[in-house]
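Chain residues, written in single-letter form:
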Amino acid sequence: MTDEQAVSTRVLTVPNVISLARLLLVPVFAVLVANGEDAWALVVLAVSGASDWLDGVVARRMHQVTRLGQMLDPAADRLFILVTLLGLAWRGTVPVWLVVVLVARDVVLAVMLLVLARAGYPPLRVHLAGKAGTLVLLYAFPLLFLSQWPSALGQAAGVLGWACALWGVALYWFAGVLYLAQAGTVLRADRRRDRATAS
């Protein structure tokens, strides 16, 4: 069975419920950060990171990979990354350039998806590098939150958090380049077919 054949159009599946729950946690996390409830915000971040891993495992083990899940999962990841980045930047824990670098990548890929959609193509399959980058970033953010605590634990969390953040940024953009290259290949093949048909 190929990956494409294994993808279903079901809506109510366990992985989709997990992804939806993660989406619903995004505004909860934003409110906690805004109110200075760091301990609870860390709990929500930890739950989000664990659920990101869990829904993928459940989808594969239970053969419940769906079209909806392929949209919900990255949407929840990107929203959590954006909200967490804005919260950390607002606190002064991370510089604005980190927000710009990560948001710019998503803007570039959003434009790419629009171009593919206009050409009649569905979104590209998620690369392992993209999932790895997202996962590393989701682990970096709780550590960066912990780095605000004035203690030896906070200092250690800051070092490890920044290591994960920079590694995550590199993987995030590496995956972005792979997506762009894949999209370029698809669109060029499409144009060649059009020219061959016209001739």
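Rules of the game
Residues numbered from 1 in each chain as written. Predicted model: local features only at pLDDT ≥ 70, side-chain atom pairs only at ≥ 80, totals over all residues. Heavy atoms only, no water. Helix = DSSP H or I, 4+ residues; strand = E, 2+ residues; numbered from the N terminus. Buried < 20%, exposed > 50% of the residue type's maximum accessible area, 1.4 Å probe, protein only. Contact = heavy atoms within 4.5 Å. Areas by Shrake-Rupley, 256 points an atom, 1.4 Å probe, with all protein chains shown as cover. Salt bridge = Lys/Arg side-chain N within 4 Å of Asp/Glu carboxyl O. Phe/Tyr/Trp six-rings, centres within 6.5 Å; stacked < 30°, edge-to-face > 60°.

Description of the overall build of the chain
Phase 1: A count of helical and extended segments in the chain gives seven helices and zero strands.
Phase 2: Walking the chain from its N terminus toward its C terminus, one meets helices and strands in the order α-α-α-α-α-α-α.
Phase 3: Each principal axis of the C-alpha atoms in the chain carries an extent, and together these give about 70 × 35 × 25 Å.
Phase 4: Within the span of the chain, comprising 199 residues, buried residues form 41% of the whole.
Phase 5: Intrachain contacts of the chain at a sequence separation of at least 6 include 80% that bridge at least 24 residues.
Phase 6: Looking at the chain as shown, the accessible area adds up to about 11,200 Å², and 72% of this sits on carbon and sulfur atoms.

Comments concerning the pattern of salt bridges
Phase 1: Tallying each qualifying case throughout the model produces two salt bridges.
Phase 2: The salt bridge involving Arg78 is made with Asp106; its shortest N-O contact spans 3.3 Å. On the criterion of sequence distance, the pair formed by Arg78 in helix α4 (residues 67-91) and Asp106 in helix α5 (residues 96-118) is long-range, its members being 28 residues apart.
Phase 3: Accessibility expressed as a relative area gives 32% for Arg78, which makes it partly exposed.
Phase 4: A salt bridge links Arg105 to Asp106; the shortest N-O distance between them is 3.1 Å.

Looking at the packing of aromatic side chains
Two aromatic rings are characterised by how far apart their centres lie and by the angle between their planes.
Phase 1: All told, the structure shown has three aromatic pairs when counted by the stated rule.
Phase 2: Aromatic side chains Phe29 and Phe145 sit 6.0 Å apart centroid to centroid with 85° between the ring planes, which places their arrangement in the edge-to-face category. Taken together, the residues span a long stretch of sequence, with Phe29 in helix α2 (residues 14-34) and Phe145 in helix α6 (residues 128-146) at a distance of 116 residues. Both residues of the pair, Phe29 and Phe145, belong to the buried class.
Phase 3: Ring-pair connections join several aromatic residues into one group, and the members of that group are Phe29, Phe80 and Phe145.

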